[in-house]
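Chain by chain, the residues:
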Amino acid sequence: MAEHLNSLEELNTAAGLDAAPEAVDTPREPQRDALGRSYATGKRKDAVARVWIKPGSGKVNVNGKEMNAYFARPVLQMILRQPFDVAGVTDQFDVMATVKGGGLSGQAGAVKHGISKALQLYDPNLRSALKAAGFLTRDSRVVERKKFGKRKARRSFQFSKR
């Protein structure tokens, strides 16, 4: 009758293998260009943002305009500041972003996603805080397409009895 193997070490010795090597946790390397900037692409709905961050005084420049001029609503400005607040590096980085497509809300989400990715590339130690807050995950929700025979994606035409 066959023997019962109760552990992984017993299985490896029975198969003639050495114990499994320990997983080596290699630390992530910071990724910066020749000018000391980190680059990332952020996406949300139909908007795509190209974001560069570098050490500075906290200026945010979107499509050649200041953040307050481009995103006039305070809610959108708060969305852009969230990654810095979570990472604890408020007013330590300058941001230069170009964003295309979508509306203002989608563009703000795309810039936020790009800032988060660029921050974790600039300093890999910030990755755990940004990931725990969910800022490194691309929000994949997009508008559902309109179906034929319907008024919108799911809304039907008004029913008329007579």
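Our subject in this report is the structure included herewith. As the structure is a computational prediction, the values presented were derived from the model and not from experiment.

1. Things to note about the overall build of the protein
Stage number 1. Helix and strand content of the protein: 5 helices and 5 strands.
Stage number 2. When the helices and strands of the protein are listed from N to C terminus, the series reads α-β-β-β-β-α-α-β-α-α.
Stage number 3. Taken against the 2.2 N^0.38 rule, which gives 15 Å for 162 residues, the C-alpha radius of gyration of the protein at 24 Å runs more than 25% over that of a compact globule.
Stage number 4. Taken along the three principal axes of its C-alpha coordinates, the protein extends 80 × 65 × 25 Å.
Stage number 5. Intrachain contacts of the protein at a sequence separation of at least 6 include 65% that bridge at least 24 residues.
Stage number 6. Summing over all exposed atoms, the protein offers an accessible surface of approximately 11,400 Å²; the carbon and sulfur share of this is 53%.
Stage number 7. Positive and negative charge centroids in the protein, built from 29 and 16 side chains respectively, lie 24 Å apart.

2. Points about unusual backbone geometry
Stage number 1. For Asn 63, which is not glycine, the phi torsion reads 50 degrees and is therefore positive.
Stage number 2. For Asn 63, the position within the fold is in the loop between strand E3 (60-62) and strand E4 (65-66).
Stage number 3. For Asp 91, which is not glycine, the phi torsion reads 60 degrees and is therefore positive.
Stage number 4. On the secondary structure map, Asp 91 appears in the loop between helix H3 (74-87) and strand E5 (93-100).

3. Examining the side chain of Asp 94
Stage number 1. In this fold, Asp 94 is placed in strand E5.
Stage number 2. Although Asp 94 is buried, it makes no salt bridge; Lys 59 carries the closest opposite charge, 4.8 Å away.
Stage number 3. Within polar-contact distance, the side chain of Asp 94 engages the backbone nitrogen of Ser 57 at 3.0 Å.
Stage number 4. In this structure, Asp 94 is in contact with Trp 52, Ile 53, Lys 54, Pro 55, Gly 56, Ser 57, Gly 58 and Lys 59, ignoring residues within four places of it in sequence.

4. Re the nonpolar core
Stage number 1. Counting residues in hydrophobic clusters, the biggest one holds 32 residues, and the most contacted among them are Ile 53, Phe 71, Leu 80, Val 95 and Leu 119.
Stage number 2. Elements supplying a minimum of two residues to this core: strand E2 (47-55), E3, helix H2 (67-70), H3, E5 and helix H4 (104-122).
Stage number 3. It is H4 that provides the largest number of residues to this core, a total of 8 residues.
Stage number 4. Leaving out residues up to four positions away in the same chain, Ile 53 has contacts with Gly 36, Arg 37, Ser 38, Phe 93, Asp 94, Val 95, Ala 118, Leu 119 and Tyr 122.

5. Section: the sheet that holds E4
Stage number 1. Read from one edge to the other, the open sheet built from 5 strands follows the order E1-E2-E5-E3-E4, with strand pairing classed as mixed. Edge positions in the open sheet fall to strand E1 (38-44) and E4, since each of these has one partner strand only.
Stage number 2. Where E1 meets E2, 7 bridges bridge the pair, whose relative direction is antiparallel. By the bridge assignment for E2, Tyr 39 is matched with Trp 52.
Stage number 3. Relative to the sheet, H4 contacts E1, E2 and E5, its axis offset from that of E1 by approximately 145 degrees.

6. Considerations on the layout of surface pockets
Stage number 1. When its volume is computed, the largest pocket comes out at roughly 250 Å³.
Stage number 2. Looking at the largest pocket, it is lined by 13 residues, and the ones nearest its centre are Arg 44, Gly 109, Lys 112, Thr 137 and Asp 139.
Stage number 3. Among the secondary structure elements, those contributing two or more residues to the lining of the largest pocket are E1 and H4.
Stage number 4. The class makeup of the residues in the lining of the largest pocket is 2 nonpolar, 5 polar and 6 charged.

7. Observations regarding the packing of H3 against H4
Stage number 1. Two numbers describe how H3 lies on H4: the axes approach to 9 Å, and their chain directions differ by 10 degrees. For the element pair H3 / H4, the angle class is roughly parallel. Touching Leu 76, Ile 79, Leu 80, Gln 82, Pro 83 and Phe 84 of H3 are Leu 104, Ser 105, Ala 108, Gly 109, Val 111, Lys 112, Ile 115, Ser 116 and Leu 119, all from H4.
Stage number 2. Its residues assigned to classes, the contact of H3 with H4 comprises 10 nonpolar, 4 polar and 1 charged.

Criteria and thresholds
Residues numbered from 1 in each chain as written. Predicted model: local features only at pLDDT ≥ 70, side-chain atom pairs only at ≥ 80, totals over all residues. Heavy atoms only, no water. Helix = DSSP H or I, 4+ residues; strand = E, 2+ residues; numbered from the N terminus. Rg over C-alpha atoms; globule rule 2.2 N^0.38 Å. Contact = heavy atoms within 4.5 Å. Areas by Shrake-Rupley, 256 points an atom, 1.4 Å probe, with all protein chains shown as cover. Lys, Arg positive; Asp, Glu negative; His and termini not counted. Charge placed at Lys NZ, Arg CZ, Asp CG, Glu CD. Buried < 20%, exposed > 50% of the residue type's maximum accessible area, 1.4 Å probe, protein only. Salt bridge = Lys/Arg side-chain N within 4 Å of Asp/Glu carboxyl O. Polar contact = N/O pair within 3.5 Å; in protein donor to acceptor, adjacent residues only side chain to side chain. Core = buried A, V, L, I, M, F, W, Y, C linked by side-chain atoms within 4.5 Å. Pairing = 2+ DSSP bridges. Axes fitted to C-alpha atoms, helices over the stretch in contact; angles between N-to-C directions. 1 Å grid on protein atoms, 1.4 Å probe; cavity = no way out; pocket = protein on both sides within 12 Å on 5 of 7 lines; lining within 4 Å. Points joined across faces, edges and corners; volume = space filled by probe spheres on them. Nonpolar A, V, L, I, M, F, W, Y, C, P; charged D, E, K, R; others polar. Parallel < 35°, antiparallel > 145°, perpendicular 65-115°, else oblique.

All we've got here are geometric facts, nothing functional implied.
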